[in-house]
Amino acid sequence: MNHGRKRVKPSAEVEKLRKEKEVTKIKEYRNLVESYFQKKDKKEFDNDALALTTKILSQNPDFYSIWNFRRLILLNGLLKECSEEDKQQTLSTELVFLQELFQLNPKSYWIFNHRRWCLETMQNPDWDKELQLVGKFLELDARNFHAWDYRRYVTSKLSCTTETSLTQIEFDFTTTKINQNFSNYSAWHQRSKLLPLLIKEKNLDEQEKKKLIDKEFELVKAAFYTDPDDQSAWLYHWWLVAQGSIISTSQMNEESKESSNSLNQNLSIDTSERIELLQREINVVKELLELEPDSKYCLQTLANLLSELKSNVKEDSKKIDDEIVTICDRLIKIDKFRTKRYEDLRSKFISNQQG
Amino acid sequence: MPQQLEVTEYDVIILGTGFVESILAGALARIGKSVLHMDTNEYYGGSWTSFNFQELLDWAQLLQGHVEESSGNSQENFEGKKALPINFSKARRQAYSTIEYEIYGILKQTNSTEENEEYLHKDEQDTSEETIRHVSTSLSNFERETLAKLLKESKQYNLDIAPKIMPCRGELIELLISSGVGRYLEFKALDKTYIYSDQDTFDKVPCSKEDVFTSQTVTLIDKRKLMRFLTFALDFTNSPETFEGYEEKPYEKFLKEKFQIDGKLLSAVLYAITLIQTKANDVNTIQGLTYTQRYLKSLGRYGNAAFLVALYGAGSEISQGFCRISAVFGGIYMLNHSIKHLLIDKSSNNFTGLIDVNGQQLSSTYLITSIDYIPEKLLQENEECEQISRAIVIIDRYIHEEGDASLTIFPPDSVGNEYPIRVLQFSEGTRSCPEDKYVLYMSTKASGKSAKEDLYKALEKLVNISNDDASLSSPLFVLFYRHKFRDATLSSLLPDNIIVTNDSDSSLDFETATIQAKQLFEKMCPNEEFLPAVPDPDDDDL
């Protein structure tokens, strides 16, 4: 995923040279893998096998079977019937090896996976150090979702061992990252995980809750006003709007909390408050639409908000239908790749008009 | 025994080691011309130089004083040629006016009075007694104390008398990179710009997407308008339909009509991003867009800053860098060397040579010089020439925010000023001053009776000058002065082979000066390479 940035294709000549170099490399690699299969079948968990896995993984850290084999080698070899100190030493060496591999490939599921295994197998894992490490990852690339996910893992481990909550700190960390560059799906996503936790942990009353959520609306508003073409901000906005209908009530049952993605929750919510929120956001988006009449995200958001508003108010039904139809017509013109989707949406409201 | 040069004939003689002259010295020596480069001052940089505190005071006092007329006749003959006398001191003196300075007592007394007295006593032994005597007769005890302290830390100051910064994309930076002179220099980034608003506050000017997003003072609608405009301006030549019909019209009109940019936002775009020096109406859309685009392209090259600041005083360091190139390629250097007469051939009216202070006759094909070395006879005094009012202020704490360097703009009419006032703040990071101090450089196109009149009200908004607002930083020293921008092209009496360089102008950067150097070089040596890269001796590829 390139987040909308352009990809540059190399020239044909450069490609040819590269392919020639690759042929030799592929041959060597294939030999190594052959050796691996032999060792695996014979269940040879010796030092040669370990060295073999190191060679293969240095070239291809995504070959997960080799990681599995490596773990078997360690469990049957260096980690079998050894002292705690030796265990710690061996696994620490593993961590160093992983860190080297990270330089080449900061986005491999299997490197992170092996790292987790090492830390969980150790008696004394250093979670603070891990937090520092993942912080560095995010400095290099704030959009590395592997790193964000790993961060969630590390902070949960850290808060377990220290018995303190890191929610506020982590929440503030997402604020820092978003301020630096709000075009960051992962940062907003992390925020969406932390916000409900924060509300719960701090035991906020209705007023404080509303204040906090309103602040979130302000933040995301600043983002999509600054760049209406950035989808990550809009996604967070859609999530916030959906949450508003769930967080504002304490009477919801567990089932409905699960399906929290739907905007059309017809539950025992304070309807008037909900309508107020919808109206407010409709106005915000309409204002932006005046400046950017062809913003597809504005139009989509407006259609969603209007559709939910319709299900909450009985009057103005036809008026809202008309508005949504107009929006769909506009979207069909602007966003030609998704014509069918808008036509489908439109059909729902046209049929309402006729019915 | 006075210095006598062995070689008396050169391709080019250059008088003055100011910015433009120095670039030319480097460029000409680089392509193999023999260059003799002289300066009457004992330092490099001429009117672009930087001084320590003591030197600045001396210079201010020198300019305030009376200059003697040259003792010789107005015109002499020498071996059948016209010998026109040069009066460097007078010429330089005449470029400056309304010089005044003030020393302030530090109100916050951190030392005990005993320590203070010891301080004073010691300094009167260490530093120029003359200075203290001359300045301190009318000073209070507190003020004398400040003066003594400043003189004591004098060497930690590098104060520019014509301060300038460098856009991260532009003529000078590309030249520093391509010529290799950049290797001799160090820089800090200037990444904060503030603009004075009509609510008597200073607002940070947002330029990058990050700034715009996090700004607390820009409304949402303005954020959108600004982003839309900045995105267009960055690449405006690819959207000619947007500015069609507005090319020659005022930039302000274009911004208002096409982007609905008005009020505070308009002020920020015109005076803090486009950096207009005069009035909004003076700049047309094409000019405005060109400057805006240059600013935007500068952002992001070296971080979130549009400008770089050279350490130790840009004018002085950069001039020295180019002189170094010249010397490496054989240029001869003589500082602290006066020139008595220029020699002009009577029939051809060409410059043939000069006579220096030791009576030695030196000749060359071309003479490059700053205006201060031109004999009065050859200059047409232009009463209407542009003037620039400046101030150098030493303060005890930063204004706005801590940082290496920042820029503050007062738009026209915001403090009763006709033209925009620009204030550069430099910290110890730029080696302009000691660690606990900051320096403000104020400048504006002259309009009132004196530099002080042009700048005082703005200064009052920035520092605690009238002693009634302790939340502001306190000034220790302020120097006001005004200098002329004498345009060299104005004199028709000059021989064709005398090339005169302009004074430093009112702009914040060196762009116009760099362009002048290039143009003059092109005129003298058409089709020659201008400062090609010097091969790096450490480069293994060669």
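Reading the values: the criteria
- Residues numbered from 1 in each chain as written.
- Chains lettered and ligands numbered in written order.
- Predicted model: local features only at pLDDT ≥ 70, side-chain atom pairs only at ≥ 80, totals over all residues.
- Heavy atoms only, no water.
- UniProt positions renumbered as here; feature names shortened; annotations may be inferred.
- Pairing = 2+ DSSP bridges.
- Helix = DSSP H or I, 4+ residues; strand = E, 2+ residues; numbered from the N terminus.
- Expected span 1.5 Å × (residues − 1).
- Buried < 20%, exposed > 50% of the residue type's maximum accessible area, 1.4 Å probe, protein only.
- Polar contact = N/O pair within 3.5 Å; in protein donor to acceptor, adjacent residues only side chain to side chain.
- Contact = heavy atoms within 4.5 Å.
- Buried area = accessible area lost by both parts, 1.4 Å probe.
- Salt bridge = Lys/Arg side-chain N within 4 Å of Asp/Glu carboxyl O.
- pLDDT = per-residue confidence, 0-100.
- Patch = residues over 30% accessible without salt bridge, like charges linked within 9 Å, V, L, I, M, F, W, Y side chains within 5 Å.
- Areas by Shrake-Rupley, 256 points an atom, 1.4 Å probe, with all protein chains shown as cover.
- Disulfide = S-S within 2.5 Å.
- Phe/Tyr/Trp six-rings, centres within 6.5 Å; stacked < 30°, edge-to-face > 60°.
- Lys NZ or Arg CZ within 6 Å of the ring centre and 35° of its normal.
- Axes fitted to C-alpha atoms, helices over the stretch in contact; angles between N-to-C directions.
- Parallel < 35°, antiparallel > 145°, perpendicular 65-115°, else oblique.
- Left-handed = near helix turned anticlockwise from the far one by under 90°.
- Nonpolar A, V, L, I, M, F, W, Y, C, P; charged D, E, K, R; others polar.
- Core = buried A, V, L, I, M, F, W, Y, C linked by side-chain atoms within 4.5 Å.

Chain B carries the name Rab escort protein 1 in an unreviewed UniProt entry, which gives Rhizophagus irregularis as its organism. In the Function (unreviewed entry) part of its UniProt record, chain B is described as follows: "Substrate-binding subunit of the Rab geranylgeranyltransferase (GGTase) complex. Binds unprenylated Rab proteins." Per UniProt, chain B has the following entry under Subcellular location (unreviewed entry): "Cytoplasm".

As annotated in an unreviewed UniProt entry, chain A carries the name Geranylgeranyl transferase type-2 subunit alpha and comes from Rhizophagus irregularis. What the UniProt record of chain A gives under Catalytic activity (unreviewed entry) is the line "geranylgeranyl diphosphate + L-cysteinyl-[protein] = S-geranylgeranyl-L-cysteinyl-[protein] + diphosphate". If you open the UniProt record of chain A and go to Function (unreviewed entry), you find "Catalyzes the transfer of a geranyl-geranyl moiety from geranyl-geranyl pyrophosphate to cysteines occuring in specific C-terminal amino acid sequences."

1. Some points on the sheet that holds strand β12 (residues 307-310) of chain B
For sheets, the rule is that strands pair by backbone hydrogen bonds, running either parallel or antiparallel. Residue and element names in this part refer to chain B. With respect to topology, three strands assemble into an open sheet ordered β8-β12-β9, the strand pairing being antiparallel. With one partner strand each, in any of the chains shown, β8 (166-167) and β9 (187-190) form the two edges of the open sheet. In this sheet, β12 lies alongside β8 in antiparallel orientation, the contact comprising two bridges. Each bridged residue has a counterpart across the sheet, and for Pro167 the counterpart in β12 is Phe307.

2. Describing helix α2 (residues 53-64) of chain B
Residue and element names in this part refer to chain B. Between its first and last C-alpha atoms α2 spans 17 Å; for twelve residues at 1.5 Å apiece the expected length is 16 Å, and the two agree. If you check which residues of α2 are buried, you get Phe53, Gln54, Leu56, Leu57, Trp59, Ala60, Gln61 and Leu63. Of the residues flanking the start of α2, the one acting as N-cap is Asn52, its side-chain oxygen 3.1 Å from the backbone nitrogen of Gln54.

3. Things to note about the interface of chain B and chain A
You'll often see interface size given as the accessible area lost when the parts meet. Chain B puts eleven residues into the contact, and the matching count from chain A is 16 residues. Summing both sides of the interface, chain B and chain A together bury roughly 1,300 Å²; the carbon and sulfur share of this comes to 68%. By the criterion of area lost to chain A, the three top residues of chain B are Phe213, Leu220 and Arg224 of chain B, representing 53% of everything that side buries. Joining chain B to chain A, the criterion identifies three salt bridges. Linking chain B with chain A are six residue pairs in polar contact (both at pLDDT 80 or more).

4. A look at the confidence of the model for chain A
Should pLDDT be low for a region, the predicted coordinates there are not to be read in detail. All names here are of chain A. With 88% of its residues at a pLDDT of 70 or more, chain A shows a mean pLDDT of 86. Of the regions scoring below 50 in pLDDT, residues 1-6 engages in four contacts with residues more than four places distant in sequence or in other chains. Across residues 247-257 the pLDDT falls below 50, and counting only partners more than four positions away or on other chains, this stretch makes 15 contacts in the model.

5. Quick look at a nonpolar patch on the surface
All names here are of chain A. A grouping of Tyr64, Tyr109, Trp110 and Phe145 is seen on the molecular surface, where their side chains present a nonpolar patch of about 460 Å² in accessible area. Inspection of the secondary structure assignment puts Tyr64 in helix α3 (residues 64-76). Tyr64 gets classed as partly exposed once you look at its relative accessible area, which sits at 46%.

6. Some words on the state of the cysteines
All names here are of chain A. Summed over the entire model, instances satisfying the criterion amount to zero disulfides over all chains. Here Cys328 is not disulfide-linked; the sulfur of Cys298 is the nearest cysteine sulfur, at 15 Å. Residue classification places Cys328 among the buried positions, given a relative accessible area of 0%.

7. Brief notes about the confidence of the model for chain B
All names here are of chain B. Taken residue by residue, chain B gives an average pLDDT of 89. The fraction at 70 or more is 89%. Within chain B, no element has a lower average pLDDT than helix α4 (residues 113-126), which sits at 45, and none a higher one than strand β19 (residues 421-426), at 98. Per-residue pLDDT stays below 50 along residues 109-127; that stretch engages in 18 contacts with residues further than four places along the chain or on separate chains. Predicted complex metrics record ipTM = 0.76 and pTM = 0.81.

8. Brief notes about the packing of aromatic side chains
All told, the structure shown has 47 aromatic pairs over all chains when counted by the stated rule. Judged by centre distance (6.1 Å) and plane angle (70°), the rings of Tyr36 of chain A and Phe63 of chain A are edge-to-face. Within this pair, whereas Tyr36 of chain A is found in helix α1 (residues 12-42), its partner Phe63 of chain A is found in the loop between α2 (47-59) and α3, the two being separated by 27 residues in sequence. Both residues of the pair, Tyr36 of chain A and Phe63 of chain A, count as buried. Through successive ring pairs, a cluster of aromatic residues spans Phe102, Phe112, Trp127, Phe137, Tyr150 and Tyr153 of chain A. Over the aromatic face of Tyr184 of chain B sits the side chain of Arg324 of chain B, whose NZ or CZ is 3.8 Å from the ring centroid.

9. Brief notes about the pairing of strand β22 (residues 498-501) of chain B
Residue and element names in this part refer to chain B. The alternating pattern of β22 places Ile498 and Val500 on one face and Ile499 and Thr501 on the opposite face, and all of these are buried. Inspection of the sheet shows strand β16 (residues 361-370) paired to β22 by four bridges, in the parallel sense. Residue Ser370 lies in a different strand from β22, and its bridge partner there is Thr501.

10. A word on the sheet that holds strand β20 (residues 438-445) of chain B
Residue and element names in this part refer to chain B. Taken together, eight strands build an open sheet; the order of strands is β6-β21-β17-β20-β19-β18-β10-β11 and the sheet is mixed. Looking at the sheet topology across the chains shown, the edges are occupied by β6 (96-103) and β11 (202-204). Averaged over neighbouring strand pairs, the angle between their axes works out to 20° when direction is ignored. Looking at chain direction, strand β18 (residues 405-410) and β19 are connected through six bridges and run antiparallel. Directly across from Ser406, in β19, lies its bridge partner Gln425.

11. Let's talk about the packing of helix α14 (residues 296-312) of chain A against helix α15 (residues 317-334) of chain A
All names here are of chain A. Put simply, α14 and α15 touch, their axes get as near as 10 Å, and they point 160° apart. Compared by their axis directions, α14 and α15 come out roughly antiparallel. Our pair here, α14 against α15, has a crossing hand that is left-handed. Only Ser317, Ile320, Asp321, Glu323, Ile324, Ile327, Arg330, Leu331 and Ile334 of α15 make contact with α14, whose side of the interface consists of Lys296, Leu299, Gln300, Leu302, Ala303, Leu306, Ser307, Leu309 and Lys310. When the residues that make up the contact of α14 with α15 are grouped by side-chain class, the tally is ten nonpolar, three polar and five charged.

12. As for the nonpolar core
If you look at the biggest cluster of nonpolar residues, it comprises 93 residues, and the most contacted ones within it are Ile56, Trp188 and Leu240 of chain A. When sequence neighbours within four positions are dropped, the list of residues in contact with Trp188 of chain A reads Ile178, Phe182, Leu219, Val220, Ala223, Ser232, Ala233 and Tyr236 of chain A. Formed by 74 residues, the second largest nonpolar core is a distinct cluster that contains Tyr96, Leu150, Leu190 and Ala272 of chain B.

13. Overview of the environment of Arg294 of chain B
All names here are of chain B. Structurally, Arg294 can be placed in helix α13 (residues 285-298). Through-space distance from the C-alpha of Arg294 to that of Ile465 is 36 Å; in sequence the pair is 171 residues apart. The residues contacting Arg294, other than those within four sequence positions of it, are Pro167, Arg169, Asp509 and Glu511. For Arg294, the side chain forms a polar contact with the side chain of Asp509, separated by 3.0 Å.

14. Quick look at the pattern of salt bridges
Two side chains that carry opposite charge are able to pair once their charged atoms sit near each other. One pass over the full model with this rule turns up 54 salt bridges over all chains. The salt bridge involving Glu130 of chain A is made with Arg115 of chain A; its shortest N-O contact spans 2.8 Å. Here Glu130 of chain A is found in helix α6 (residues 127-140), whereas its partner Arg115 of chain A is found in helix α5 (residues 109-121), with 15 residues between them in sequence. Assessed through its relative accessible area of 2%, Arg115 of chain A is described here as buried. Arg482 of chain B serves as the salt-bridge partner of Asp454 of chain B, at 2.8 Å between the closest nitrogen and oxygen. With Asp454 of chain B in helix α15 (residues 451-462) and Arg482 of chain B in strand β21 (residues 475-484), this residue pair connects regions lying 28 residues apart in the sequence. Both residues of the pair, Asp454 of chain B and Arg482 of chain B, belong to the buried class.

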